[in-house]
Amino acid sequence: KDELDKIMKADISMYGVGHQQARDIFMVGVWTAQRVSDYNNLSRENIKQHRIPKIIDNKLTYKEFQTVEIRQKKTGAKVSIPVSTELKNILERYDYQLPHLEDQVINRYMKEICRLAGLDELIQIQITKGGKAVKEYKHKWELVHSHTARRTGATLMYLAGMDYYDIMRITGHTSP
């Protein structure tokens, strides 16, 4: 969460509108925990309004909330995601018609934004070169890509105490 705050506070004013859009699209990925192919084209049609009746002090009232309804491209699963304040703010910025950027563009811009945000911790990774496992070190910002948003979103749900199976219903996973 601290790193997301750094990403949101990074001064990207020297870049064009594409960097702002990439950051917003990435953050939509965080707040929905979906694949980029599922959140990159969100529109008003994906937003559903809900009203649940409640009785408070013997008076009928309603709790109103929104969900994002998506049929996932990879699995065909229909998922329903509660709209958080952060997600609502981003969607309202674009009048609920999220701009589309290619995955590679989002990835390139997010690496630049994360570098500016100071996500420069060295991370040890293991890759295979010539059939042999090799350890390398990369800066954290170099490892950020669109799928990082999905994993981050699921992790934040877990850290918030959400049940595994509720997270799975949102992400569309079939096993923990």
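Note that the structure is predicted; figures quoted are calculated from it, not measured.

Draft legend 1. Geometry of helix α2 (residues 17-32). The first and last C-alpha atoms of α2 sit 22 Å apart over 16 residues, in line with the 22 Å expected at 1.5 Å per residue. Of all 16 residues in α2, 14 are buried; the element is thus mostly enclosed. Backbone geometry just after α2 places A33 at a positive phi near 60°.

Draft legend 2. Fine view of the pattern of salt bridges. For the structure shown, the criterion picks out 9 salt bridges. For D24, the salt bridge identified is with R93, shortest N-O distance 2.8 Å. On the criterion of sequence distance, the pair formed by D24 in helix α2 and R93 in helix α4 (residues 85-93) is long-range, its members being 69 residues apart. By relative accessible area, R93 is classed as partly exposed at 46%.

Draft legend 3. Local environment of the side chain of T67. Structurally, the position occupied by T67 is in strand β2 (residues 59-71). Using a relative accessible area of 5% as the deciding quantity, one classes T67 as buried. Polar side-chain contacts of T67 include one of 2.7 Å to the side chain of H50. One polar contact links T67 to E69, side chain to side chain, over a distance of 2.6 Å. What T67 contacts, discounting residues up to four positions off in sequence, is N46, I47, K48, H50, S80, I81, P82 and V83.

Draft legend 4. Fine view of the sheet that holds β2. Spatially, the 3 strands line up as an open sheet ordered β1-β2-β3, and their pairing is antiparallel. Every interior strand has two partners, whereas the edge strands, β1 (47-56) and β3 (78-82), have only one. In this sheet, neighbouring strand axes are inclined to one another by 35° on average, regardless of whether the strands run parallel or antiparallel. As paired elements, β2 and β3 share 5 bridges and run antiparallel to each other. Note on β3: the bridge partner recorded for E69 is S80.

Draft legend 5. The layout of surface pockets, seen in detail. Estimates place the volume of the largest pocket at around 260 Å³. Taken together, 15 residues line the largest pocket, and the ones lying closest to its centre are E3, K140, V144, T148 and T152. With 5 residues, the top contributor of residues to the lining of the largest pocket is helix α6 (residues 146-159).

Draft legend 6. Structural detail: the confidence of the model for the protein chain. Across the protein chain, pLDDT averages 93, with 100% of residues at or above 70. The weakest mean pLDDT in the protein chain belongs to helix α3 (residues 36-39) at 90; the strongest belongs to helix α5 (residues 103-116) at 97.

Draft legend 7. The environment of V144, seen in detail. Summarising the element assignment, V144 is placed in the loop between β5 (132-139) and α6. Among the residues examined, V144 registers a relative accessible area of 7% and is labelled buried. Apart from residues lying up to four places away in sequence, V144 is in contact with F26, N107, M110, K111 and C114.

The rules behind these values
- Residues numbered from 1 in each chain as written.
- Predicted model: local features only at pLDDT ≥ 70, side-chain atom pairs only at ≥ 80, totals over all residues.
- Heavy atoms only, no water.
- Helix = DSSP H or I, 4+ residues; strand = E, 2+ residues; numbered from the N terminus.
- Expected span 1.5 Å × (residues − 1).
- Buried < 20%, exposed > 50% of the residue type's maximum accessible area, 1.4 Å probe, protein only.
- Salt bridge = Lys/Arg side-chain N within 4 Å of Asp/Glu carboxyl O.
- Polar contact = N/O pair within 3.5 Å; in protein donor to acceptor, adjacent residues only side chain to side chain.
- Contact = heavy atoms within 4.5 Å.
- Pairing = 2+ DSSP bridges.
- Axes fitted to C-alpha atoms, helices over the stretch in contact; angles between N-to-C directions.
- 1 Å grid on protein atoms, 1.4 Å probe; cavity = no way out; pocket = protein on both sides within 12 Å on 5 of 7 lines; lining within 4 Å.
- Points joined across faces, edges and corners; volume = space filled by probe spheres on them.
- pLDDT = per-residue confidence, 0-100.

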